[in-house]
Amino acid sequence: MSEALNLDVNRRARLQQLYGSLSEHAMAPLWESLHSLVKATPRTQAVPAKWDYKRVVRPFLIECGDLITAQEAERRVLILENPALSGSASITRTLYAGVQLILPGEIAPAHRHVQSALRFIIEGKGAYTSVDGERTIMQPGDFVLTPNWRWHDHGNETTEPMIWLDGLDIPLVLFLDASFAERSSADTQPALKPADDSRLQFGNNLFPVGWKPGDKNSPLINYPYERSCATLDSMRRKGPPDPAHGYKLRYINPATGKSPMPTIGAFIQLLPAEFSSAGYRSTDSTVYAVVEGEGRTVIGEQTFSWESKDIFVVPSWHWHAHEVSQDAILFSFSDRPVQEELGFWREEQADASSPHDPRST
Ligand code: GTQ
C-alpha cells in the first residue's frame, strides 16, 4: 500500500481488506498506482546493453550453423534480447532485433506476416532476399525492407556465410494482438520481376504518372550502402557536424517523405574523427549497429566501447553521447515514426556544461 498516503493504522487495515475484496471482483484502486501508470517522465524497463559481434555473437551464430539448417529453423536467428526484458524477445519494449545466418547453398523458406522487417547487412555479400517476387542482392551496409504482409524468402548462392541484423516490430504487433502469419507452399518464390526492379522503377526520383502508393511502405526494397556513404560524404564536405548527431540521415519512403515502413524508422550517421557529441535523449529507444570505425557511447552512467559490427541499444529518454577517435558510421532504428504519428515523440539536447550531459555525471 502506498506509503505516500498519510493514513492511520485503522484506515490502512480497512483499505487493505477492501483491496482484497476488490481484486476478487476484477477491480483495483487507482490511487495506489496512479503515478506509476501516468509517469511524470518515461521510465522504461529496458536497460542499455551492447552485443560484441566478433567475440560473442558471431561465434555462437556459427555454432548454430553447425547444429541446425536454415530450412529446419525456418529462420536461423539469434535473438538479441534486452537483459531487463528477459523472455520477451524484445530489445526495446516495442522492437525486436536478431542476427540471422544463411550458409552457402541454404535457403530460408518463403513466408509472410503482419510484422514489418528490416535487414541491415553485417557480413558476406551476394546473397538475396526475395520480396513479393523481386530479388535484391545484398551487400554489407545495405538496408533492406520486407514490409507488412509481403512474401519473403532468403537464399545464399555464394561461397561465404551471410549474416545480417534483423529489426522487426514483433513486440508492438504482439501488444496490439494483431499478428497473422503464413508459410508459402513453395519454399522459394518464383522471380516475377527483374532483380532490383524497384530501384530502377522508384530509385531515380521518377515515378510513373498516375502511380499511387498501395500502402504506407516504401516502394524500394534495398537502400544500398554505396549511396548512403555518398550522401554522408557530400554532407560532410558541406559543413560542420550537428553537435548531437554528427552527420545523420534518415531513410525515407520516396513516395511520402516519411519512414520507409510505418512502424520502424531507420537512420545512418557519420561521426567524424575526434568528434564528441553533445548529450541527447529522445523518447524512442534506439538500436545501433556499428558499420565502420570504433568509439564509445556513454549511456546514463555506463560507458560502452564498440567496434565495427557491434550492436547496442539506448533505451527511451536515456541521456547519451558518442565519442570517436577515427571516422565511424552507425546505423540505427527505432519506433520513432509510431511516436511521431501519435504525437508522442520528444527529444532534448544538452549543452556541454549541462548537468544532464552523460559525461558530466
Ligand atoms: O527473416 O522473415 O529475425 O520472420 C524474425 C522473424 C527474421 C524473417 C526474424 C522473421 C524473420
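See the structure printed just above.
Note that the structure is predicted; figures quoted are calculated from it, not measured.

Peer 1: When you look at helix α3 (residues 53-67) in this model, what are you seeing that I'm missing?
Peer 2: Along an α-helix, a turn takes 3.6 residues, which lines up residues three or four apart on a common side. Over its 15 residues, α3 extends 20 Å from the first C-alpha to the last, a length consistent with the 21 Å expected when each residue adds 1.5 Å. Turning to α3, its buried residues are Y53, V57, L61 and G65. Looking at the buried residues of α3, the elements they touch are β1 (49-51), β2 (77-79), β3 (96-102), β5 (117-123) and β10 (162-168). Residue D52 occupies the N-cap position of α3, its side-chain oxygen lying 3.2 Å from the main-chain nitrogen of K54.

Peer 1: Explain the packing of aromatic side chains to me, please; I cannot follow it from the model alone.
Peer 2: Aromatic ring pairs are reported here in terms of the distance separating the ring centres and the angle at which the planes meet. Overall, the coordinates contain 13 aromatic pairs when judged by the stated rule. Taking 6.2 Å as the distance between ring centres and 55 degrees as the angle between the ring planes, the aromatic pair formed by Y19 and W31 counts as tilted. Residue Y19 is located in helix α1 (residues 9-24), and its partner W31 is located in the loop between α1 and α2 (34-37); the two are separated by 12 residues in the primary sequence. Under the relative-accessibility criterion, W31 is labelled partly exposed at 45%.

Peer 1: For this particular structure, what's the right way to read the site of the ligand?
Peer 2: By nearness alone, every residue bordering the ligand is listed as R75, V77, Y96, Q100, H111, H113, R119, H152, H154, D166 and L168. In this structure, Q100 approaches the ligand through a side-chain N or O atom, which is 3.3 Å from an oxygen atom. Residue H111 places a side-chain N or O atom 2.9 Å away from an oxygen atom belonging to the ligand. Its free accessible area being 290 Å², the ligand has 90% of it covered by the protein chains. Of all the secondary-structure elements, those providing two or more residues to the shell around the ligand are β3, β4 (107-113), β9 (152-155) and β10. Tallied by class, the residues present in the shell around the ligand amount to 3 nonpolar, 5 polar and 3 charged.

Peer 1: So what exactly am I meant to see when it comes to the pattern of salt bridges here?
Peer 2: Side chains that carry opposite charge are capable of pairing whenever their charged atoms lie near each other. Counted by the stated rule, this structure contains 17 salt bridges. A salt bridge links R58 to E123, with the shortest nitrogen-to-oxygen separation between them at 2.7 Å. Taken together, the residues span a long stretch of sequence, with R58 in helix α3 and E123 in strand β5 at a distance of 65 residues. For E123, a relative accessible area of 16% puts it in the buried group. Between R183 and E74 there is a salt bridge, with the nearest N and O atoms lying 3.0 Å from each other. Of this pair, R183 sits in strand β11 (residues 181-183) while E74 is found in the loop between α4 (70-73) and β2, placing the two residues 109 residues apart along the sequence. E74 gets classed as partly exposed once you look at its relative accessible area, which sits at 24%.

Peer 1: What is the right way to read the sheet that holds β11 from this model?
Peer 2: Strands belonging to one sheet form pairs held by backbone hydrogen bonds; the direction of such a pair is parallel or antiparallel. Spatially, the 5 strands line up as an open sheet ordered β7-β6-β9-β4-β11, and their pairing is antiparallel. Each edge of the sheet is formed by a strand with only one pairing partner; in this case those strands are β7 (134-137) and β11. Each strand of the sheet is rotated relative to its neighbour by a mean of 25 degrees, with strand direction disregarded. Direction of pairing for β4 relative to β9: antiparallel, over a ladder of 3 bridges. Paired with H111 across the strands is H152, a residue of β9.

Peer 1: Where do I start with the side chain of R112 in this structure?
Peer 2: Its location among the elements puts R112 in strand β4. When its relative accessible area of 19% is taken as the criterion, R112 is described as buried. For R112, the side chain forms a polar contact with the side chain of E182, separated by 2.8 Å. Not counting residues up to four positions away in its chain, the partners in contact with R112 are W149, R150, W151, H152, F180, A181 and E182.

Peer 1: Would you mind showing me how to read helix α7 (residues 225-238) here?
Peer 2: Compared with an ideal rise of 1.5 Å per residue, which puts 14 residues at 20 Å, α7 spans 20 Å between its outermost C-alpha atoms and is within 8% of the ideal. Looking at α7, one finds that the buried residues are Y225, S228, C229 and L232. Here the buried residues of α7 occupy an arc of 95 degrees about the axis, which is enough to place them on one side. Turned more than 90 degrees away from the buried face of α7, the exposed residues are E226, R237 and K238. Buried residues belonging to α7 abut β12 (222-223), β13 (247-250), β14 (265-271), β16 (286-292) and β21 (328-334).

Peer 1: So what exactly am I meant to see when it comes to the side chain of N222 here?
Peer 2: With respect to the helices and strands, the residue N222 is situated in strand β12. For N222, a relative accessible area of 4% puts it in the buried group. A polar atom in the side chain of N222 sits 3.4 Å from the backbone oxygen of I137. A distance of 3.3 Å separates polar atoms of two side chains, one belonging to N222 and the other to D142.

Peer 1: For this particular structure, what's the right way to read the nonpolar core?
Peer 2: Burial of nonpolar side chains together is a common tendency in soluble globular proteins. Core analysis: the largest hydrophobic core is formed by 39 residues, its most contacted members being V99, F143, L165, I311, F331 and F333. Beyond its immediate sequence surroundings of up to four residues, F333 is in contact with L95, Y96, A97, L118, L165, G167, I264, G265, A266, S285, T286 and V287. One finds I299, F304, V314 and L330 within the second-largest nonpolar core, a separate group that totals 12 residues.

Quick notes on the rules
Residues numbered from 1 in each chain as written. Predicted model: local features only at pLDDT ≥ 70, side-chain atom pairs only at ≥ 80, totals over all residues. Heavy atoms only, no water. Helix = DSSP H or I, 4+ residues; strand = E, 2+ residues; numbered from the N terminus. Expected span 1.5 Å × (residues − 1). Buried < 20%, exposed > 50% of the residue type's maximum accessible area, 1.4 Å probe, protein only. Contact = heavy atoms within 4.5 Å. Polar contact = N/O pair within 3.5 Å; in protein donor to acceptor, adjacent residues only side chain to side chain. Phe/Tyr/Trp six-rings, centres within 6.5 Å; stacked < 30°, edge-to-face > 60°. Near = heavy atom within 4 Å. Areas by Shrake-Rupley, 256 points an atom, 1.4 Å probe, with all protein chains shown as cover. Nonpolar A, V, L, I, M, F, W, Y, C, P; charged D, E, K, R; others polar. Salt bridge = Lys/Arg side-chain N within 4 Å of Asp/Glu carboxyl O. Pairing = 2+ DSSP bridges. Axes fitted to C-alpha atoms, helices over the stretch in contact; angles between N-to-C directions. Arc of directions from axis to C-beta. Core = buried A, V, L, I, M, F, W, Y, C linked by side-chain atoms within 4.5 Å.

Interpretation note: all reported values are geometric properties and have no functional meaning in isolation.
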